[in-house]
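As a plain string of letters, each chain reads:
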Amino acid sequence: MCGPPLGAGRERLVRQLVTESLSLTFAGGALGVLVAMAALPLLARLVPVDLPVAQSPAIDLRMLVFAGLLTTLTGIGFGTIPALRACQDTDLGGLRQGVRAGGGRRERLRSTLVATEVAAAVVLLVSAGLLMRALAHIQATDPGFRASGVLTLRTALPTPKYDSTARRAAFYSRVLAEVRALPGVSAAGFTSFVPMVFRGGIWEVVVDGQPQDRVSSADQVASLRYVTPGFFAALGIPLLQGRDISDADAADRQFAAVVSRSFARRFWPDGNALGRHFRFAFDDRTVVGVVGDVRVRGFERASEPQVYLPCRQVADARLIFFIPKDLVVRSMAAPATLLPAIRRIVRAVDPEQPISDVRTLAEIVKDQTASRAVQARVLGAFAAIAFLLAGIGIYGLLSFVVSQRAHEIGVRMALGARAEDVLAMVLRRSALLAAAGIVPGVALAYAAGRAMAALLAGLNPGDAATFLAAVGLCLLMTIAGSLWPALRAVRVDPIAVIRNE
C-alpha cells in the first residue's frame, strides 16, 4: 500500500494521508458550522418561550473555537491511525492486494462501526418514543377542570389594608359583579390559588366519630382553598352533590365546606358526605357540597383531597396567606380581550390595587408539560440524526462491498448465477448488519428506559409498541440503505468486469 518499494518515505506518506484527512474534516467542519447557523432558529423553537432560559442560543467565538478543536482532533486521530496501519506493510504485499481483496479486518471494522450506528439509532428512537408516549399520556389526562376560555390574574390585597374580612368581601362583590356583566363572560370567581400554580396548604382533618390513626396520618390531611361564589363555574369543576358556596355563608352562620369527591370517599366510604361534620383549619365544618377532583399538583402527581371554604368565613387578620387573591374569569370571547376592561374595573374599586400574573388557564396547563415537550423534541432530533447516519453508513458500506466484490459478482453471473441470487447475497449482508445493531440496541434501549423510568409517568419502560416501532423503522432504514447497492450489484456486466481484470 505504501512504503520504500516505490521510493516514498513512510513519514512523507503519513503526512500526505493526514493532510488529506484534515482537509476532509475541515471541509466537513465548515459545512457543519454553516448548517448549525442555519438550523439555530429551528433549535430555538424547541424551547418554549416561557421557560426560564437565560437567553436564546447563539454561535459565538467560544463555540467556533471548540468546534475547530474537535474538528482538528478528529482529522488527526482518524487520519494518523489508518496511515500508520497502512504504512506497516513495507514489502510488495500491498501491491498484490487487488480488487479481489475484501480487506477482511478493515471490512469487519467498518461493519462494526455501522452496527454501532444502528444500535445507537435504536436506543435513541426508543428513548424518544417512550418520552413522546409519556407526553401524550400526560396531555390526555383530565385535570378536573376546563382550561379553555379562562383568564387568570392576581390581585395583591395587601395588609393591613385588607385584614378585614368584610372589606375583602366588599372588594370581591364589586369586582365580580362588574366582571360578570362584561360581554361574553359566563362566570367569575376568586380563589386562594389557581390549580397547578400553587398547590395549596395541607391541613389535618378530624372527622366526628372517627378515631385519629396516627400511624397513617398522611391519609388524614387535605388541601385548603378559600373561594367566592362562582369559582367552580368559572373553572368548570362539576358540582356532584349539594350546593355551591354562597354569599349567605357568613361568619355568623354554621361554617360550611365544599369537598372534593376523593375527600368524601376517603372519610365517608359510604359516599354520603352531605351534612357530615369535621374539624379543619381551626374550626368545625359541615359539608354542604361535593365537587369533582382537581389535579392541583400537576398532571404527574396525585393531589390531596380538596376542601373549599367560603371567603366570608375567616376571621379578621387570620389565615391571611390563604385569602382569595386569584381571579378566574370564563368567557366566550378571547380571554386576552377582557384584560383592559378588568383592569379598569379593579382600578375603579381600588385605585391602589395592582394586578399581576396575568395568564390564561390554558397557558398554565401547557406549562405543566413544557419541559417534557423539550425533552421529547431534543431527543427526537438526536434520534433522527442517528437514524440518518445509520442509513448513510449502511449505504456506504454496502456500496463499498459491492465495488470490492465486483469481480466476484461478475464471475458468479458469468457462471450462471441469477440476479435474484446476487440480490439475496447483498441483502443478506444488509440483514446481518441490521441484526448486529438492532439486537444489542434493543437491550441497551430497555436499560435506558429503566434508567429514565421516573420521566415516563407510569409508562412501561419496555413498552412493546414503542420497541416494535423503533425496530420497524430501523428495518425500513436498512432496506432503503441497501436498495441502491443491491441494484448496482445486479447490474454488474460480467464481461466488462472480467475484461478489466
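All chains use their own residue numbering, which begins from 1 and follows the written sequence. Thresholds applied to this predicted model are a pLDDT of at least 70 for local features of residues and 80 or more for the giving and counting of side-chain atom pairs; totals over whole chains, interfaces and linings are not thresholded and use all residues. Remark: hydrogens and water are excluded; side-chain values derive from all non-hydrogen atoms of the structure.

Caption draft 1: Quick peek at the overall build of the protein chain. Helix and strand assignments come from DSSP, with helices taken as H or I runs of at least 4 residues and strands as E runs of at least 2, each series counted from the N terminus. Helices and strands together make up the secondary structure of the protein chain, namely 14 helices and twelve strands. In the protein chain, buried positions account for 42% of the 501 residues. Contact definition: two residues touch when any of their heavy atoms are within 4.5 Å. Across the protein chain, contacts joining residues at least 24 apart in sequence account for 83% of those joining residues at least 6 apart. Per-residue and other accessible areas follow the Shrake-Rupley method at a 1.4 Å probe size, with only the shown protein chains counted as cover for residues. Carbon and sulfur atoms make up 63% of the accessible area of the protein chain, which totals about 26,000 Å². Type-normalised accessible area, obtained with a 1.4 Å probe on protein chains alone, sets the label of each residue: buried when under 20%, exposed when over 50%, and partly exposed for intermediate values.

Caption draft 2: The arrangement of the nonpolar core in detail. The definition of a nonpolar core used throughout is a set of buried Ala, Val, Leu, Ile, Met, Phe, Trp, Tyr and Cys residues joined through side-chain atoms within 4.5 Å. In terms of nonpolar packing, the biggest core is built from 32 residues, with Val118, Val126, Leu131, Ile394, Ile438, Cys474 and Met477 touching the most fellow members. Elements represented by at least two residues in this core include exactly helix H4 (104-139), helix H10 (370-404), helix H12 (419-451) and helix H13 (464-490). In terms of residue count, H4 provides more of this core than any other element does, eleven residues in total. If near-sequence neighbours (up to four positions away) are discounted, Ile438 is found in contact with Val118, Val122, Val471, Cys474 and Leu475.

Caption draft 3: Here's a closer look at a nonpolar patch on the surface. Two distance rules govern patches: like charges are joined within 9 Å, and nonpolar side chains (Val, Leu, Ile, Met, Phe, Trp, Tyr) within 5 Å, applied only to residues with over 30% relative accessible area and no salt bridge. Salt bridge criterion: a side-chain nitrogen from Lys or Arg within 4 Å of a carboxyl oxygen from Asp or Glu. Taken together, the side chains of Leu31, Leu34, Val35, Met37, Ile59, Leu61, Met63, Leu64 and Val65 present a nonpolar region at the surface, about 870 Å² in accessible area. Mapped onto the nonpolar patch, the elements with two or more residues apiece are helix H1 (10-46) and helix H2 (61-86). Looking at the element boundaries, Leu34 is found in helix H1. Relative accessible area serves as the criterion here: at 56%, Leu34 is assigned to the exposed category.

Caption draft 4: View of the packing of aromatic side chains. Classification of ring pairs rests on two measures: the distance between centres of Phe, Tyr or Trp rings, Trp counted by its six-membered ring, which must be within 6.5 Å, and the angle between planes, read as stacked under 30 degrees, edge-to-face over 60 and tilted in between. Inspection of the entire model under this criterion finds 18 aromatic pairs. Aromatic side chains Tyr162 and Phe171 sit 5.7 Å apart centroid to centroid with 70 degrees between the ring planes, which places their arrangement in the edge-to-face category. Ring centres of Trp268 and Phe278 lie 6.3 Å apart, and the angle between their planes is 65 degrees; this geometry places the pair in the edge-to-face category. Here Trp268, found in the loop between helix H7 (261-267) and strand S8 (277-280), pairs with Phe278, found in strand S8; they are ten residues apart in sequence, far enough to count as distant. In this structure, Trp268 and Phe278 share a single accessibility class: buried. Pairwise contacts between aromatic rings join Phe193, Trp203, Phe282, Phe321 and Phe322 into one cluster. One residue, Arg167, lies across the ring of Tyr162, its end atom 5.6 Å from the ring centre. For a lysine, the NZ atom is tested; for an arginine, the CZ atom; a charge sits over a ring if that atom is within 6 Å of the ring centre and within 35 degrees of the ring normal.

Caption draft 5: The confidence of the model for the protein chain, seen in detail. Averaged over all residues, the pLDDT of the protein chain is 79; the fraction at 70 or higher stands at 83%. As a per-residue measure, pLDDT tells how confident the predictor is, with possible values from 0 to 100. Counted against residues more than four places away or in other chains, residues 94-102, with its pLDDT under 50, gives eleven contacts.

Caption draft 6: Fine view of the pattern of salt bridges. Per the stated rule, a full pass over the model turns up ten salt bridges. When the shortest N-O distance is used, the salt bridge between Lys161 and Glu352 registers 3.2 Å. Residue Lys161 is found in the loop between strand S1 (150-155) and helix H5 (165-180), and its partner Glu352 is found in the loop between helix H8 (339-349) and strand S12 (355-360); the two are separated by 191 residues along the sequence. Relative accessible area serves as the criterion here: at 24%, Lys161 is assigned to the partly exposed category. Judged by its relative accessible area of 64%, Glu352 is exposed. Between Asp283 and Arg285 there is a salt bridge, and its shortest N-O distance comes to 3.5 Å. For Arg285, a relative accessible area of 0% gives the class buried. What you see here is one network of salt bridges that share partners, running through Lys161, Asp350 and Glu352.

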